[in-house]
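Fold and geometry: a report
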Amino acid sequence: MTKKQSTMVKKKPESKSNTKVTQREKKIQEIKKNLLNQKKALLVGAVEALNELPGQTVFPDLGDQATAEIDRNFMLRLKGREQKLLKKIEEAMERINQGVFGICDKCGLEIDIRRLEARPVTTMCIECKTLQEEEEKLMEK
Ligand SMILES: [Zn+2]
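Residues numbered from 1 in each chain as written. Predicted model: local features only at pLDDT ≥ 70, side-chain atom pairs only at ≥ 80, totals over all residues.

1. Some thoughts on the overall build of the protein chain
Scanning the protein chain from N- to C-terminus turns up 4 helices and 0 strands. For the protein chain, the succession of helices and strands along the chain, N to C, is α-α-α-α. (Helix = DSSP H or I, 4+ residues; strand = E, 2+ residues; numbered from the N terminus.)

This is the structure we're talking about:
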């Protein structure tokens, strides 16, 4: 006569940490896809902005020319910002390819996946980023 086999279910699944890694990997692959789409959208936007540059237009008087120059400067600045973001996206994709994506630049720990999903170009964990921002604020004072 045997008792209920209660000891059988006590064993824990040992693959738990492995499953976690693959989940993260899966999310990172999704982020990579999003980065690629973001890069494409940025390039399309940059080309459109370039086509709208009033470079070839002839201006009837100085007043209009001044306005046009402000617009042009704005476009160039926008382009600069887009270029910066493009570079960040490319760097993030490079980190994914090298398998070092999502590792904090400062402390070397894994960055929270939710943070990476929200800001894939980030290179710092929330703790280090907060610290850095606090330091920057102190520097400004
Ligand atoms: Zn960190």
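There is more to say after this.
2. As for the confidence of the model for the protein chain
This prediction gives the protein chain a mean pLDDT of 79; 65% of its residues lie at or above 70. Averaged over each element, pLDDT in the protein chain is lowest for helix 2 (residues 62–98) (75) and highest for helix 3 (residues 113–118) (96). (pLDDT = per-residue confidence, 0-100.)

3. Here's the deal with helix 4 (residues 126–140)
For helix 4, spanning 15 residues, the distance from its first C-alpha to its last is 21 Å, which sits close to the expected 21 Å at 1.5 Å a residue. Little of helix 4 sits out of view: just 0 of its 15 residues are buried. (Expected span 1.5 Å × (residues − 1). Buried ≥ 20, exposed ≤ 12 C-beta atoms within 10 Å, placed from the backbone.)

4. Examining the environment of Cys104
Summarising the element assignment, Cys104 is placed in the loop between helix 2 and helix 3. For Cys104, a count of 18 C-beta atoms within 10 Å translates into the label partly exposed. Along the chain, Cys104 and Cys128 lie 24 residues apart, while their C-alpha atoms are 8.1 Å from each other. Residues within four places of Cys104 in sequence aside, it is in contact with Leu109, Ile111, Met124, Cys125 and Cys128. (Contact = placed C-beta atoms within 7 Å.)

5. Some points on the environment of Val100
Tracing the sequence through the fold places Val100 in the loop between helix 2 and helix 3. Considered as a pair, Val100 and Glu110 are 10 residues apart in the sequence and their alpha carbons are 9.6 Å apart.

6. Some thoughts on the environment of Lys88
With respect to the helices, strands and loops of the structure, Lys88 is situated in helix 2. Taking the C-alpha atoms as reference points, Lys88 and Leu35, separated by 53 residues in sequence, lie 9.9 Å from one another.

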